[in-house]
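# Survey of secondary and tertiary structure
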Amino acid sequence: MQRQKDPALFAVLRRDRAVAVGGLFLVTLLAWLYTLRAVGHGVDTGSGERLGVLIAMWSVMMIAMMAPMAAPSIAIFVRLGRDRSAERHSILHAGVLALGFLLSWFAYSLAAASLQWGLAHLGWAQHASPSSAWGGALLVLAGLYQWSPLKHACLERCRSPLGMMLTSWRPGAAGALRMGAEHGAHCVACCWALMALMLLAGAMSPLWLAALAAYCIAERLLPAGPRIARLAGTVLLGWGLWALAT
């Protein structure tokens, strides 16, 4: 017998999804406001006392740029949670899922900020530009990674949150945290090389940040996402080789 849609359940589902996704985008907006303010004032990476500030800035930047990527997963999670009788707190667990996703990006932020701080102490930060030798090498690395099988395997996982939920579902808050962290880890593995380009001088400008965020959204949501990834890889590879040759 076909199960009839309960209008009350449907209304609750819509409410839960609106609250969960709306809350995520509110966090994203606040993160963007902080990021634009911080970028406008600049960040001093020349002293050890500023490492904590740098970690905080990278973390908030990653929230601003990557949190929207979790929205499809959260919407699907709320739907599946409501369909499972054991999941009585789907809205709360959706927040835990988002937390797990962002914790993966916090781990990346910690590594990237520490690397940038170390480069500043070695005196390399002022030479970190797309036209420098190691800037060109970083562009080549990012371009090659855009063509790698690992990149496209992780991109496929990021583009298919429903499949991830159906094959990796775990009940309860602990399960939601683990699913979010796993989804975030795939997202980090997909985008780490692109995000590393922000180590280059000028790449922390608002325009660069917005462009990178828009690109990541296109890569995940547009039907031609994998082809876009390879095209971007070709552009980055050519740019990097040109920088190394000049």
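Just so it is clear, the model here is predicted, and its values are computed rather than measured. (Residues numbered from 1 in each chain as written. Predicted model: local features only at pLDDT ≥ 70, side-chain atom pairs only at ≥ 80, totals over all residues. Heavy atoms only, no water.)

This part takes up the overall build of the chain. Within the chain one finds ten helices and zero strands. Ordering the α and β elements of the chain from the N terminus gives α-α-α-α-α-α-α-α-α-α. Of all 246 residues assigned to the chain, the portion counted as buried reaches 45%. A separation threshold of at least 6 residues defines the contact pool for the chain, and within that pool the share at least 24 residues apart is 81%. (Helix = DSSP H or I, 4+ residues; strand = E, 2+ residues; numbered from the N terminus. Buried < 20%, exposed > 50% of the residue type's maximum accessible area, 1.4 Å probe, protein only. Contact = heavy atoms within 4.5 Å.)

With that settled, consider the packing of helix H7 (residues 161–168) against helix H8 (residues 172–196). Remark: H7 packs on H8, axes separated minimally by 11 Å, with the N-to-C direction vectors making an angle of 135°. By the angle between their axes, H7 is oblique relative to H8. Of the two elements, H7 crosses H8, and the hand of that crossing is right-handed. Note on element contacts: H8 touches H7 through Met179, Glu182 and His183, opposite Met164, Met165 and Ser168. (Axes fitted to C-alpha atoms, helices over the stretch in contact; angles between N-to-C directions. Parallel < 35°, antiparallel > 145°, perpendicular 65-115°, else oblique. Left-handed = near helix turned anticlockwise from the far one by under 90°.)

For the rest of this paragraph, the subject is the packing of aromatic side chains. Applying the stated rule across the entire model yields four aromatic pairs. On the numbers, 5.4 Å between centres and 80° between planes, the contact of tryptophan 105 with tyrosine 108 is edge-to-face. Here the residue tryptophan 105 and the residue tyrosine 108 both occupy positions in helix H4 (residues 90–121), the gap between them amounting to three residues, near one helical turn. According to the relative accessible area criterion, tryptophan 105 is buried, its value standing at 1%. Residue class for tyrosine 108 comes out buried when judged on its relative accessible area of 12%. (Phe/Tyr/Trp six-rings, centres within 6.5 Å; stacked < 30°, edge-to-face > 60°.)

Under the defined criterion, the tally for this structure stands at four salt bridges. Note that arginine 170 is salt-bridged to glutamate 182, the shortest N-O span being 3.3 Å. Note that arginine 170 is positioned in the loop between H7 and H8 and glutamate 182 in helix H8, a separation of twelve residues in sequence. Here glutamate 182 and arginine 178 are joined by a salt bridge, their closest N and O atoms 3.3 Å apart. Of this pair, glutamate 182 and arginine 178 are both found in helix H8, four residues apart, which corresponds to roughly one turn of the helix. On the accessibility criterion, glutamate 182 (23% relative accessible area) is partly exposed. (Salt bridge = Lys/Arg side-chain N within 4 Å of Asp/Glu carboxyl O.)

Bringing a nonpolar patch on the surface into the picture now. Where nonpolar side chains cluster on the molecular surface, the patch consists of Leu99, Leu103, Phe106, Leu110 and Leu177 and spans about 410 Å² of accessible area. Ranked by residue count, the leading element in the nonpolar patch is H4, at four residues. Mapped onto the elements, leucine 110 comes out in helix H4. By relative accessible area, which is 37% here, leucine 110 ends up partly exposed. (Patch = residues over 30% accessible without salt bridge, like charges linked within 9 Å, V, L, I, M, F, W, Y side chains within 5 Å. Areas by Shrake-Rupley, 256 points an atom, 1.4 Å probe, with all protein chains shown as cover.)

As a further point, take H4. Taking 1.5 Å as the rise per residue, H4 with 32 residues should run 46 Å; its terminal C-alpha atoms sit 46 Å apart, in good agreement. Of the residues flanking the end of H4, it is glycine 123, one or two places downstream, whose phi is positive at about 80°. (Expected span 1.5 Å × (residues − 1).)

Along the chain, threonine 35 falls in helix H1 (residues 7–41). Look at threonine 35 and you get buried, because its relative accessible area is 1%.

The next thing to look at is the environment of serine 148. When you line up the elements, serine 148 lands in the loop between helix H5 (133–145) and helix H6 (149–159). The exposure class assigned to serine 148 is buried, which follows from its relative accessible area of 15%. For the pair serine 148 and arginine 230, spaced 82 residues apart in the sequence, the C-alpha separation amounts to 9.1 Å.

All right, on to the state of the cysteines then. Taken as a whole, this structure holds zero disulfides when the rule is applied. We note that cysteine 154 lacks a disulfide partner, and the nearest cysteine sulfur, in cysteine 190, lies 6.5 Å from it. This cysteine, cysteine 187, is not joined by any disulfide, and cysteine 158 carries the nearest cysteine sulfur, 4.6 Å off. (Disulfide = S-S within 2.5 Å.)

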